[in-house]
Amino acid sequence: MKDSKAIVRRLVTRFVFQMGLSILWSVLATGAIFLLAHAVTVAVPYGRALLSIFTAIIPLEIWPILLLAFFYVFFLAWYQYVRFKYYGEMIAAVRSIADGNLELKVPERQRDDFGVLAADINALLDRLRRSMEEERRAEQTKNELITNVSHDLRTPLTSILGYLGLIEEDRYRDEVELRHYVGIAYAKARRLHVLINDLFEYTRMRHGRVPLKPERLNLGELLGQLLAQYRLDLEKADMTATLAVPRGEEAVVIGDPDKLVRVFENLLTNAMRYGREGKRIDIAVRIEAAEAAVDVVNYGEPISPADLPYIFERFYRADKSRTEDAGQDPASPGGAGSGLGLAIAKSIVEQHGGTIGAFSDERATVFRVRLPLAGSDVRAEREGSAAAGAS
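In terms of helices and strands, the chain carries 10 helices and seven strands. The buried share of the chain, reckoned over its 391 residues, is 35%. Of all intrachain contacts in the chain linking residues separated by at least 6 positions in sequence, the fraction that spans at least 24 positions is 72%. In the structure as shown, the chain presents an accessible area of about 24100 Å², 60% of it carried by carbon and sulfur atoms.

Here it is in structure tokens:
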């Protein structure tokens, strides 16, 4: 309601301004005509006689009124012509946009309500184009997700059916070969179980359907307990792990312990899977300003610069040759991954108001998690920035 009143006020102001400007130009033009007529009567022979003819037709005192009226109407009509010509261009542009030409923009020439309307239409078009682009990306992402899920589910399922078919048809030489077939089918079934669980958790995290149960956590203690749990797995992988925590201060954050454990489990198993050649994993906790930073470092084969920007995307695997290893238990920490672990970790960290990134070169591959310290305003600021960007 207030906006409509403001628009009416602007329209009235604009009309009054145009009337005043027309009157001003009319007075100036009339004065110029009278000055010209006076110069003609003085400088040109028979000028006074010519002027007397005009005044005989129309009295001299009427001429100023007629000239003022003429120029007023002329200038007012000119302003309206320019205005409605621009209005016609706007209508043509809007019709072209309505026909599907969304790349066209309405011309913004005048600093009046038509100009404001054109700017609003262009802003609306920009938002519409962004929305359509986001919708196209979402559709593409959904199609890629369906394709990847179908492929990743079909691969172990095909193996399971194949080996169970051999068993069903008694196509094995002895009990040893039978147990071998059963073992492979069981490993593939466990991989299928891991993939389905990861996919379900990732979907819930992405849609915000998993409520957090925040509490105060000491990251040093949490990571120490995690390494203790993975001691046997590290020994089986012929690897060692070290943990460095800051002296004299504690990295305390507010978070859901189960979810954050899942983050560091994913990073640790990822380091065990792809850093086995380096023989060791280093975990370091630091306090930087109002954040706690955790580095999980492995010394295996580096991630290529072409793959690095995409490793947190779902189903993206930088090392295609190591995605499926029949010699490993898919459900074990060092086994083949589902392709969703890092995507899940990213979703959890962002839900806690933190960030996650990766750096890799010939010396080491580092996964870095940053979380706001307890009592800091970093999380609120990031959530506010995200909300502002979404709006």
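What follows covers the packing of aromatic side chains. Counted according to the given criterion, the structure contains two aromatic pairs. Taking the centre distance of 5.5 Å and the plane angle of 45 degrees together, the rings of Tyr 163 and Tyr 181 count as tilted. Here Tyr 163, found in helix α4 (residues 113-168), pairs with Tyr 181, found in helix α5 (residues 175-206); they are 18 residues apart in sequence, far enough to count as distant. Given a relative accessible area of 12%, Tyr 181 falls into the buried group. Residues Phe 312 and Phe 367 carry aromatic rings whose centres are separated by 6.1 Å and whose planes lie at 80 degrees to one another, so their mutual orientation is edge-to-face. Residue Phe 312 is located in the loop between β5 (291-298) and α9 (341-351), and its partner Phe 367 is located in strand β7 (residues 365-372); the two are separated by 55 residues in the primary sequence. Against the face of Tyr 299 rests Arg 280, its NZ or CZ located 4.0 Å from the ring centre.

Pairing is mixed in the open sheet, where five strands are placed in the order β2-β4-β5-β7-β6. Since the sheet does not close on itself, it has two edges, and those belong to β2 (240-244) and β6 (355-360), each with one partner. Between one strand and the next, the sheet's axes are offset by a mean angle of 15 degrees, whatever the strand orientation. Against the sheet, helix α8 (residues 257-274) contacts β4 (280-288), β5, β6 and β7, and its axis sits at roughly 175 degrees relative to β7.

Confidence in the prediction for the chain averages 78 pLDDT; 71% of positions are at 70 or higher. The lowest-confidence element of the chain is helix α10 (residues 378-390), averaging 49 in pLDDT; the highest-confidence one is β7, averaging 95. Low pLDDT (under 50) marks residues 386-391, which in the prediction has zero contacts with non-local residues, meaning those over four places away or in another chain.

This part takes up the nonpolar core. With 45 residues, the main nonpolar core has Phe 264, Leu 267 and Ile 281 as its most contacted residues. When residues of this core are traced back to their parent elements, those giving at least two are α5, α6 (219-229), α8, β4, β5, α9, β6 and β7. Examining the composition of this core, we find that seven residues originate from one element, α8, more than from any other. When sequence neighbours within four positions are dropped, the list of residues in contact with Ile 281 reads Leu 234, Met 239, Thr 240, Ala 241, Thr 242, Leu 268, Ala 271, Met 272, Val 296 and Val 297. Counting nine residues, the second-largest nonpolar core is a separate cluster that includes Met 90, Ala 93, Ile 97 and Leu 102.

Residues Trp 78, Tyr 81 and Val 82 make up a contiguous nonpolar surface patch of about 310 Å² in total accessible area. Exposure remark for Tyr 81: the relative accessible area of 47% places this residue in the partly exposed category.

Another point: the environment of Pro 309. Position of Pro 309 relative to the elements: it lies in the loop between β5 and α9. What makes Pro 309 exposed here is its relative accessible area of 58%. It is 8.5 Å that separates the C-alpha atoms of Pro 309 and Ala 358, two residues lying 49 residues apart in sequence.

Further remarks concern the packing of α6 against α8. Closest axis-to-axis distance for the α6/α8 pair is 11 Å, and the angle between their directions is 55 degrees. With respect to each other, α6 and α8 are oriented oblique. When you trace α6 past α8, the crossing you get is right-handed. Judged by residue contacts, Leu 219, Leu 222, Leu 223, Leu 226 and Leu 227 of α6 engage Pro 257, Val 261, Phe 264, Glu 265 and Leu 268 from α8.

Definitions and cut-offs
- Residues numbered from 1 in each chain as written.
- Predicted model: local features only at pLDDT ≥ 70, side-chain atom pairs only at ≥ 80, totals over all residues.
- Heavy atoms only, no water.
- Helix = DSSP H or I, 4+ residues; strand = E, 2+ residues; numbered from the N terminus.
- Buried < 20%, exposed > 50% of the residue type's maximum accessible area, 1.4 Å probe, protein only.
- Contact = heavy atoms within 4.5 Å.
- Areas by Shrake-Rupley, 256 points an atom, 1.4 Å probe, with all protein chains shown as cover.
- Phe/Tyr/Trp six-rings, centres within 6.5 Å; stacked < 30°, edge-to-face > 60°.
- Lys NZ or Arg CZ within 6 Å of the ring centre and 35° of its normal.
- Pairing = 2+ DSSP bridges.
- Axes fitted to C-alpha atoms, helices over the stretch in contact; angles between N-to-C directions.
- pLDDT = per-residue confidence, 0-100.
- Core = buried A, V, L, I, M, F, W, Y, C linked by side-chain atoms within 4.5 Å.
- Patch = residues over 30% accessible without salt bridge, like charges linked within 9 Å, V, L, I, M, F, W, Y side chains within 5 Å.
- Salt bridge = Lys/Arg side-chain N within 4 Å of Asp/Glu carboxyl O.
- Parallel < 35°, antiparallel > 145°, perpendicular 65-115°, else oblique.
- Left-handed = near helix turned anticlockwise from the far one by under 90°.

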